[in-house]
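This is what each chain is made of:
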Amino acid sequence: MQIFSKVLTDTDVRFRFSLPTHCLQHLDFAGNNSVDLHVKDSCGELRVIRCLKRDGDYDKPVLSKGWRQFVTYYELTVGDKVVLYSEDDHNLGSQFRIEAKRRINLFGEEVWGEVTRAN
């Protein structure tokens, strides 16, 4: 099930990835301000990406530790898109799946294509 998709901004690419507030309902912070998400990427590899939420009224979640490694691994840039799915993979131990997409021109039509890893 798709949780959200977002076109990347400069801040998303260079520092941290801001998630829509509605994503909080899919995350179990267990009373803490952070949770480590076990995420399967497009290559089937397990990634651990930390999600933080701020205290107070503005508790918008952001991906921090592990996020920049994902950006670098896939050479993501401003304008690319990230899609997060809720998906349990008991063999891998992941709770989510993340995909990177890039706009491509296919037969004169703009579509989102999967971004493969850089290396």
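Residues numbered from 1 in each chain as written. Predicted model: local features only at pLDDT ≥ 70, side-chain atom pairs only at ≥ 80, totals over all residues. Heavy atoms only, no water.

## Quick notes on the layout of surface pockets
- Looking at the largest pocket, its volume works out to about 150 Å³.
- Lining the largest pocket are His 26, Leu 27, Asp 28, Val 35, Asp 36, Leu 37, Ser 86, Asp 88, Gln 95 and Phe 96.
- For the lining of the largest pocket, the element with the highest residue contribution is strand E3 (residues 34-40), accounting for 3 residues.
- In terms of residue class, the lining of the largest pocket is made up of 4 nonpolar, 3 polar and 3 charged. (1 Å grid on protein atoms, 1.4 Å probe; cavity = no way out; pocket = protein on both sides within 12 Å on 5 of 7 lines; lining within 4 Å. Points joined across faces, edges and corners; volume = space filled by probe spheres on them. Helix = DSSP H or I, 4+ residues; strand = E, 2+ residues; numbered from the N terminus. Nonpolar A, V, L, I, M, F, W, Y, C, P; charged D, E, K, R; others polar.)

## Observations regarding unusual backbone geometry
- Even without a glycine there, the phi angle at Glu 75 is positive, about 50 degrees.
- Secondary-structure assignment places Glu 75 in the loop between helix H2 (67-74) and strand E6 (81-89).
- Positive phi values are uncommon outside glycine, yet Phe 107 reaches one of about 55 degrees.
- Position of Phe 107 relative to the elements: it lies in the loop between strand E7 (94-106) and strand E8 (109-114).
- Classification of Phe 107 by relative accessible area gives exposed; the value is 82%. (Buried < 20%, exposed > 50% of the residue type's maximum accessible area, 1.4 Å probe, protein only.)

## What to know about empty space enclosed by the protein
- Applying the stated criterion across every chain yields a total of 1 cavity of 30 Å³ or more.
- Estimated volume of the largest cavity: approximately 50 Å³.
- Lining the largest cavity, in full, are Phe 4, Phe 17, Leu 37, Val 39, Leu 63, Val 82, Leu 84 and Ile 98.
- Among the elements of the structure, E3 and E6 are those that each provide at least two residues to the lining of the largest cavity.

## Topic: the pairing of strand E4 (residues 46-53)
- Note: E3 against E4, 7 bridges, orientation antiparallel. By the bridge assignment for E4, Val 39 is matched with Arg 47.
- Relative to strand E5 (residues 61-63), E4 is paired through 3 bridges, and the arrangement is antiparallel. Within the sheet, the bridge partner assigned to Lys 53 lies in E5 and is Pro 61. (Pairing = 2+ DSSP bridges.)

Read these as geometric descriptors, not functional statements.
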